[in-house]
Amino acid sequence: VQEEKIFAGKVLRLHVCTMEGAEWLEEVPEDTTVEKLKERCLKHCLPVSLEDPKTVTHHKLIHATSEKVLTDTKTVLEENIQDRDVLLLVKKRAPTLLPKMSDVVAEEKRKQEQKAPDKDAILKATANLPARSVDRSVTHHNMRDFQTELRKILVSLIEVAQKLLALNPDAVELFKKANAMLDEDEEDRVDEIALRQLTEMGFPESRAVKALRLNHMSVTQAMEWLIEHADDPSVDAPLPGSAPAEAPAEGAAASAEAAAGPSSEEGGEEAKDELTEIFKKIRRKREFRPDPRAVIALMEMGFDEKEVVDALRVNNNQQNAACEWLLGDRKPSPEDLDKGIDTNSPLFQAILENPVVQLGLTNPKTLLAFEDMLENPLNSTQWMNDPETGPVMLQISRIFQTLNRT
């Protein structure tokens, strides 16, 4: 018996696999180096390629269970390989070649060519073009005219809705319904879409509701308020409630009942006038609420409080637009906001001839929506999403846009 066989180490039977799907059994002593084992594996699956000395170094053995890459200089025993373990013979990936200097220069040149031109390059390229100046004040004036026209439409539609409701035989009941909706606690009216946007940002629902009510349902202003008052100890304190005006409502209802009573033509006219006055009282309940932060900021510039409130009312509580209005020609004036559109104009006639608008004008809720948007334009989203008033607002918007494009 040969001496090397007497003192030979334990023989291990190892399952070897390749990425191509080949599989066989290798029997090696536990003192065999990983490099020798790798050579034996390569002879088994790649007998011709061993002529290239790089073949061995371009492959590696991986222990399947531990996913460990075996070191060539260590023995099977040192790598803690056990009998019947599975090894994977894998070809190493080619190392990433460093880019050539010429390729780097070419890439940088390409990036420079694709880079957006700077101001000097734009001026140089457009030096020979004819100059065309755009009067930004005219553009802004047109935008203000657009907002004023929409407001005029609402003013005139409110008058029509009041007359239609006054002609209704159930005028008193309709008024009671309208007044009940008006006197309904505004704490219960919250724009669900705006509330969902704030809660999805991570703000607590109760705090988001409070912010929306303080900022006329404007998501942007409510978010700014929430961030600004995040550490305020009274941020979750409830808003002070307002007592319902029961006496005026009862008096108005009594007036409506009295107006509906006379049967003569003269009495009917008086009834219409009485109901018109009642709706004017309803409108007065919807007083404009200026943004307190905008009021403070504009007054710090030296403007009088009344001027600031007028500016914010004309410009829908937009501080920057209000500042430009105060510094400019101050048109439209606050008095212009109460003027309606020409009732003989094609725009107003087209709106009144729309069946959806006609039906909506007989709904007291539509009247309340018009009144609310007239005094608080930021609430328009809330009424656009309402199933009763939304279709009416959509038709008015479409007619306005269509006629202004022609």
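The structure presented is a predicted model; accordingly, all values stated were derived computationally and were not measured.

Caption draft 1: The arrangement of the overall build of the protein in detail. Of the regular secondary structure elements, the protein holds 20 helices and five strands. For the protein, long-range pairs separated by at least 24 residues make up 60% of all intrachain contacts whose partners lie at least 6 apart in sequence.

Caption draft 2: Representation of unusual backbone geometry within the structure. Phi at Arg84 is positive, roughly 70 degrees, even though this residue is not glycine. Positionally, Arg84 belongs in the loop between β4 (68–69) and β5 (86–91). Of note in this structure, Arg330 is not a glycine but carries a positive phi near 55 degrees.

Caption draft 3: Seen up close, the packing of helix α13 (residues 292–299) against helix α15 (residues 319–327). At a minimum axis distance of 10 Å, the contact between α13 and α15 shows a crossing angle of 35 degrees. Between α13 and α15 lies a crossing of right-handed hand. For the pair α13 and α15, contact is made by Ala294, Ala297 and Leu298 and by Gln319, Ala322, Cys323 and Leu326, respectively. Its residues assigned to classes, the contact of α13 with α15 shows six nonpolar, one polar and no charged.

Caption draft 4: Layout of a nonpolar patch on the surface. Taken together, Met101, Val104 and Val105 make up a surface patch of nonpolar side chains, about 290 Å² in accessible area. Within the fold, Met101 resides in helix α4 (residues 101–114). Since its relative accessible area comes to 63%, Met101 is described here as exposed.

Caption draft 5: A look at the nonpolar core. Ile153, Leu157, Leu347, Ile351, Phe370, Met373 and Ile396 are the most contacted members of the largest nonpolar core, which has 24 residues in total. Contributions of two or more residues to this core are made by α6 (136–167), α16 (346–353), α17 (355–361), α18 (364–375) and α20 (390–405). By residue number, the principal contributor to this core is α6, which donates seven residues. In this structure Ile396 touches Ile153, Leu157, Ile351, Val357 and Phe370, once residues within four positions along its chain are discounted. Within the second largest apolar cluster, 16 residues are counted, among which are Leu14, Val28, Leu70 and Val76.

Caption draft 6: Fine view of the packing of helix α9 (residues 205–214) against helix α10 (residues 219–228). Running from N to C, α9 and α10 point in directions that differ by 120 degrees, and their axes come no closer than 8 Å. As summarised for this structure, α9 and α10 are arranged oblique, according to the angle between their axes. The handedness of the crossing between α9 and α10 is right-handed. Within the contact between the two elements, α9 uses Arg207, Ala208, Lys210, Ala211, Leu212 and Leu214 and α10 uses Val219, Ala222, Trp225 and Leu226. Its residues placed into classes, the contact of α9 with α10 shows eight nonpolar, no polar and two charged.

Caption draft 7: The pairing of strand β3 (residues 59–63), seen in detail. Of all the five residues making up β3, four are buried; the element is thus mostly covered by neighbouring parts of the structure. Relative to β5, β3 runs antiparallel, the two being bridged by five bridges. Within the sheet, the bridge partner assigned to Ile62 lies in β5 and is Leu88.

Caption draft 8: Looking closely at the sheet that holds β4. The strand order across the open sheet built from five strands is β2-β1-β5-β3-β4, with neighbouring strands paired in mixed fashion. The open sheet terminates on both sides in strands that have one partner only, identified here as β2 (23–29) and β4. Sheet analysis places strand β1 (residues 11–18) next to β2, joined by seven bridges and oriented antiparallel. Each residue of the ladder has a partner; that of Leu12, found in β2, is Val28. Contacts from helix α2 (residues 34–45) reach β1, β2, β3 and β5, with the element oriented near 145 degrees to β2.

Caption draft 9: View of the pattern of salt bridges. Under the counting rule described, the total for this entry stands at eleven salt bridges. For the salt bridge of Arg40 with Glu26, the shortest nitrogen-to-oxygen distance reads 3.3 Å. Of this pair, Arg40 sits in helix α2 while Glu26 sits in strand β2, placing them 14 residues apart in sequence. Judged by its relative accessible area of 35%, Arg40 is partly exposed. Arg330 is paired through a salt bridge with Glu307; the nearest N and O atoms lie 3.2 Å apart. You can see Arg330 sitting in the loop between α15 and α16 and its partner Glu307 sitting in helix α14 (residues 305–314), a full 23 residues away along the chain. Relative accessible area serves as the criterion here: at 28%, Arg330 is assigned to the partly exposed category. Linked through salt bridges whose partners overlap, the residues forming this network are Lys365, Asp386 and Glu388.

What counts as what
- Each residue is numbered by its place in its chain's sequence as written, counting from 1.
- At least 70 in pLDDT is required for a residue's local features to be given in this predicted model, at least 80 for side-chain atom pairs to be given and counted, and no such filter applies to totals for whole chains, interfaces and linings, which use all residues.
- Derived side-chain values reflect all non-hydrogen atoms in the structure, with water molecules and hydrogen atoms excluded from consideration.
- What counts as a helix is a DSSP run of H or I of at least four residues, what counts as a strand is a run of E of at least two, and both are numbered from the N terminus.
- Here, residues are in contact when the closest pair of their heavy atoms is within 4.5 Å.
- Simply put, an axis is a line fit to the C-alpha atoms, just over the touching stretch for a helix, and the angle between two N-to-C directions goes from 0 to 180 degrees.
- Handedness of a crossing is defined here by the sense of rotation of the near helix relative to the far one, left-handed for an anticlockwise turn of less than a right angle and right-handed for a clockwise turn.
- Note on residue categories: nonpolar means Ala, Val, Leu, Ile, Met, Phe, Trp, Tyr, Cys or Pro, charged means Asp, Glu, Lys or Arg, and polar means any other residue, Gly included.
- Two distance rules govern patches: like charges are joined within 9 Å, and nonpolar side chains (Val, Leu, Ile, Met, Phe, Trp, Tyr) within 5 Å, applied only to residues with over 30% relative accessible area and no salt bridge.
- The protein chains shown are the only cover counted for residues, whose accessible areas, like all others here, come from Shrake-Rupley with a 1.4 Å probe.
- Here, a salt bridge means any Lys or Arg side-chain nitrogen found within 4 Å of an Asp or Glu carboxyl oxygen.
- Partly exposed describes any residue whose relative accessible area lies between the buried limit of under 20% and the exposed limit of over 50%, with all areas from a 1.4 Å probe on protein chains only and scaled to the type maximum.
- Only buried Ala, Val, Leu, Ile, Met, Phe, Trp, Tyr and Cys residues count toward a nonpolar core, and they belong to the same one when joined by side-chain atoms within 4.5 Å.
- Small angles under 35 degrees read as roughly parallel and large ones over 145 as roughly antiparallel, with 65 to 115 read as roughly perpendicular and the rest as oblique.
- Between any two strands, pairing holds if DSSP finds at least two bridges.

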